[in-house]
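Overview (structure and organization)
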Amino acid sequence: MTDVPIRSQDLSWPFWPVVPLYPYGKRRTLRKEVVKDTIWTFEQLQGILYVVVPIRMTVVKLASGGLLVYAPVAPTPECLRLVNELEMNHGNIRYIILPTVSGIEHKVFVGPFARCFPQAQVFVSPHQWSFPLNLPLSWLGFPLGRTQKLPLDSRQTPFGDEFDYEILGPINLGLGPFEEVAFYHKRSQTLLVTDSIISIPQNPPNIVQIDPYPLLFHARNNGLEVIEDTPENRLKGWQRIVLFALYFRPGALGVVKWGQVFKDALKAPDRSPKAYFGLFPFQWDDRWKSSFERLQHNHLLVAPILQGVIFNRGKFEVLSWVDHVSKWGFKRIISCHFTAPIEGNSAQFREAFDFLRHDNQTLDIEDFQLIRDIAQTLTKRGITPPVK
């Protein structure tokens, strides 16, 4: 990566109010070469209440010339500079792919990113929807005249000689469907996925450590502790953030009564807006360590929210998709979240979905309880259909 001084304006993302996720209007971008002169990842950060995880786009060099972009991120000036460096050496962005219909944190960037590359064709997952009204693609910010839905057969696309893809879904979720498109780059034997598969790193990723404040915030046991930057606190904060991000309320997390929260806030060493005025309504017990170890033990993992709320409502569709994807001879996986690249093969990929084949729940029951409660509530209220 070119060593260029970073200015505040280089990180600007002015459309952050559309999806108001941390770090809001200032976003760093890290570029990484995954396969020499062929595949690069671009990582940014996103989260809520300092529960921050990487979000990633992948850029692939085409044998026919130019570049394909899978799942764009925020086109900040820094991000665009890093992309333009690739264009100078490898040709223009020719194709931009939106591989999801429900992932608003991915969808929100496609229109602005595509407008920066007016020569690129935009391909989107077929069953796009919006709430509360279903609107035309151009009304959702996709560029008019050069946006089209991905056909079911990858051979019908201009990049079909270099990529296979398989569409997962649509899975009916009531308000709208879930759908994801896995891309397989044949020449490099690389599988690109959005949310369906992740791998949890033991240590905090580099993009999270540029500004370690969220890690240090969640490393505390209570609001009276001083926020201190140490390697141990960065590690502890990251592992707790993972539990927050995947379980929402893991079993080791106790919620402090608000009366006590406000009392503690008055005594907090930092009562600045950055520290949420000293408010810290969390209390961890020692089980969080084993909860993280159990998650991290899975080389490939389907996120708990997908296991308990989404994929179990479309077992046939998911397993059929897994069977098709597993026929590709991939040797690495690039997911849009957590760590990448992941060294993984078809057998490991299939194994990650065994919870659907055998109703074999490998996640901790207590950690998984809130996900179960959410699923039951959504079904009882008629928002999502029953599990098949």
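Heads up: the structure comes first, above all this text.
Read on for an overview of the structure. (Residues numbered from 1 in each chain as written. Predicted model: local features only at pLDDT ≥ 70, side-chain atom pairs only at ≥ 80, totals over all residues. Heavy atoms only, no water.)

1. Considerations on the side chain of Arg 31
Mapped onto the fold, Arg 31 is located in strand β1 (residues 30-35). With relative accessibility at 16%, the residue Arg 31 sits in the buried group. A distance of 2.8 Å separates the side chain of Arg 31 from the backbone oxygen of Leu 82, its partner in a polar contact. One polar contact links Arg 31 to Glu 85, side chain to side chain, over a distance of 3.0 Å. (Helix = DSSP H or I, 4+ residues; strand = E, 2+ residues; numbered from the N terminus. Buried < 20%, exposed > 50% of the residue type's maximum accessible area, 1.4 Å probe, protein only. Polar contact = N/O pair within 3.5 Å; in protein donor to acceptor, adjacent residues only side chain to side chain.)

2. Focus on the packing of helix α5 (residues 231-247) against helix α7 (residues 287-297)
One can describe the packing of α5 onto α7 by two numbers: an axis separation of 10 Å at closest approach and a directional angle of 70°. Looking at the two axes, α5 sits roughly perpendicular to α7. Pair α5 / α7 crosses with left-handed handedness. Here Lys 236, Gln 239, Arg 240, Val 242, Leu 243, Leu 246 and Tyr 247 of α5 lie close against α7, whose contacting residues are Trp 288, Ser 291, Phe 292 and Leu 295. (Axes fitted to C-alpha atoms, helices over the stretch in contact; angles between N-to-C directions. Parallel < 35°, antiparallel > 145°, perpendicular 65-115°, else oblique. Left-handed = near helix turned anticlockwise from the far one by under 90°. Contact = heavy atoms within 4.5 Å.)

3. Here we look at the sheet that holds strand β5 (residues 93-98)
Taken in spatial order, the seven strands make up an open sheet running β1-β2-β3-β4-β5-β6-β7, and their pairing is mixed. A single partner strand is all that each edge strand has here, and the edge strands are β1 and β7 (147-149). Along the sheet, successive strands turn relative to each other by an average axial angle of 25°, direction set aside. Bridge count for β1 against strand β2 (residues 39-48) is five bridges, and the pairing is antiparallel. Bridged to Lys 32 within β2 is Thr 41. Docked against the sheet, helix α1 (residues 77-90) engages β1, β2, β3 (51-61), β4 (67-70) and β5, running at close to 170° with respect to β2. Docked against the sheet, helix α2 (residues 104-115) engages β2, β3, β4, β5 and β6 (121-124), running at close to 155° with respect to β5. (Pairing = 2+ DSSP bridges.)

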